[in-house]
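What follows is the residue order along each chain.
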Amino acid sequence: AGPSTETKVPAEDFKATGRNIKQSVMAWCFNPMPMETFIPACAKMGLQAMEGLDVNWYPLMKEHGLKVSLCSGHGFKDGPVNPDNHAMCTEKLKGAIDTAVKWNCPSVITFTGMSEKGIGFEQGTKNCVDFWKSVIPYAEENNVQLVLEHLNSRDDSHPMKGHPGYFGDDVDHCLDMIKQVDSPKMKLLFDFYHVQVMNGDVIRRFRQSLPYIGHIHTAGNPGRGELDETQEMNYTAIIKAVAESDYDGYVVQEYIPTWDDKLASLRHGVALCDV
Ligand SMILES: O=C(O)C(=O)CO
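Here is what the cut-offs are and how they apply
- Residues numbered from 1 in each chain as written.
- Predicted model: local features only at pLDDT ≥ 70, side-chain atom pairs only at ≥ 80, totals over all residues.
- Heavy atoms only, no water.
- Salt bridge = Lys/Arg side-chain N within 4 Å of Asp/Glu carboxyl O.
- Buried < 20%, exposed > 50% of the residue type's maximum accessible area, 1.4 Å probe, protein only.
- Core = buried A, V, L, I, M, F, W, Y, C linked by side-chain atoms within 4.5 Å.
- Helix = DSSP H or I, 4+ residues; strand = E, 2+ residues; numbered from the N terminus.
- Axes fitted to C-alpha atoms, helices over the stretch in contact; angles between N-to-C directions.
- Parallel < 35°, antiparallel > 145°, perpendicular 65-115°, else oblique.
- Left-handed = near helix turned anticlockwise from the far one by under 90°.
- Contact = heavy atoms within 4.5 Å.
- Nonpolar A, V, L, I, M, F, W, Y, C, P; charged D, E, K, R; others polar.

Section: the pattern of salt bridges
Scanning the entire structure with this criterion turns up 6 salt bridges. Close ionic contact of Asp 201 with Arg 204 constitutes a salt bridge, the shortest N to O distance being 2.6 Å. According to the relative accessible area criterion, Asp 201 is partly exposed, its value standing at 41%. Of the charged contacts in the structure, one is a salt bridge between Lys 240 and Glu 244, with a shortest N-O distance of 3.2 Å.

Below, the structure is given as structure tokens:
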């Protein structure tokens, strides 16, 4: 597949200006492209950072002038909703905070985990809030923020397009838990794709949630593909709203490319967000 005739694809020598929006990319989306190819290509098109790569790649990213926008600890399935996971999540998040400090990365991702039988909504909420309250002092001491990702539970067509059973699938509930943790280092990862699938009204929600937003992901809906004419969100207006706000974190391309030329696809997304 490729771009439609209406889609403007930047030439191979395109380089983003980065004047208002700091851009990054989630590496897993571009599997199986070898990182030896992908890292220099990202630098060439003007990305400022990358995420979702193994730490072994960080030195090569640095050689190409690329920062690390996000470090990972525990995954999205086994999370703090179940207290049995708390010790594992603490260890993984503290390790990720240490890595973030070492590489000057501002954020570490966290998730609620999947809903579990026998753990109701209120108990699950309390388990999550208690857990984040226990690790947030370590994040504060190290000047790293934890960003909670809200995920959609509606798309069951593909393991990375939606996560049926995810506990934190309502962005208002995620915001409520973040407010209960009550720390300047506890933030929301606002993924326009997941928010559109679950809650919608994305520009208003972005503006209302702004004081709590620490990180942004993008993708087209439906399908989690390119930000092009085949999907329903108006990314021109979305990025304008981001650029006009006082959000100063990263905007990270996290869509699954459908075009045969994956680097042309990324240039398209990056150019659209380079306002
Ligand atoms: O689907 C996503 O956005 C995720 O980050 C799951 O890891």
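What follows picks up the thread again.
Some words on the nonpolar core
Taken as a class, soluble globular proteins show a tendency for nonpolar side chains to be buried jointly. Grouped together as the largest cluster of nonpolar side chains are 86 residues, with contacts concentrated most on Phe 38, Trp 132, Leu 146, Phe 192 and Leu 266. Broken down by element, this core gets its largest block of residues, 7 residues, from helix 4 (residues 121-141).

Digging into the packing of helix 3 (residues 86-102) against helix 4
Each pair of packed helices can be summarised by the angle the axes make with each other and by the distance between the axes. Viewed as axis vectors pointing N to C, helix 3 and helix 4 meet at an angle of 30°, and their least axial separation amounts to 10 Å. Considered as vectors, helix 3 and helix 4 are oriented roughly parallel to each other. The way helix 3 lies across helix 4 gives a crossing that is right-handed. Together, His 86, Cys 89, Thr 90, Leu 93, Lys 94, Ile 97 and Asp 98 of helix 3 and Asn 127, Phe 131, Val 135, Tyr 138 and Ala 139 of helix 4 make up the contact between the two elements. Class assignment of the residues belonging to the contact of helix 3 with helix 4 gives a composition of 7 nonpolar, 3 polar and 2 charged.

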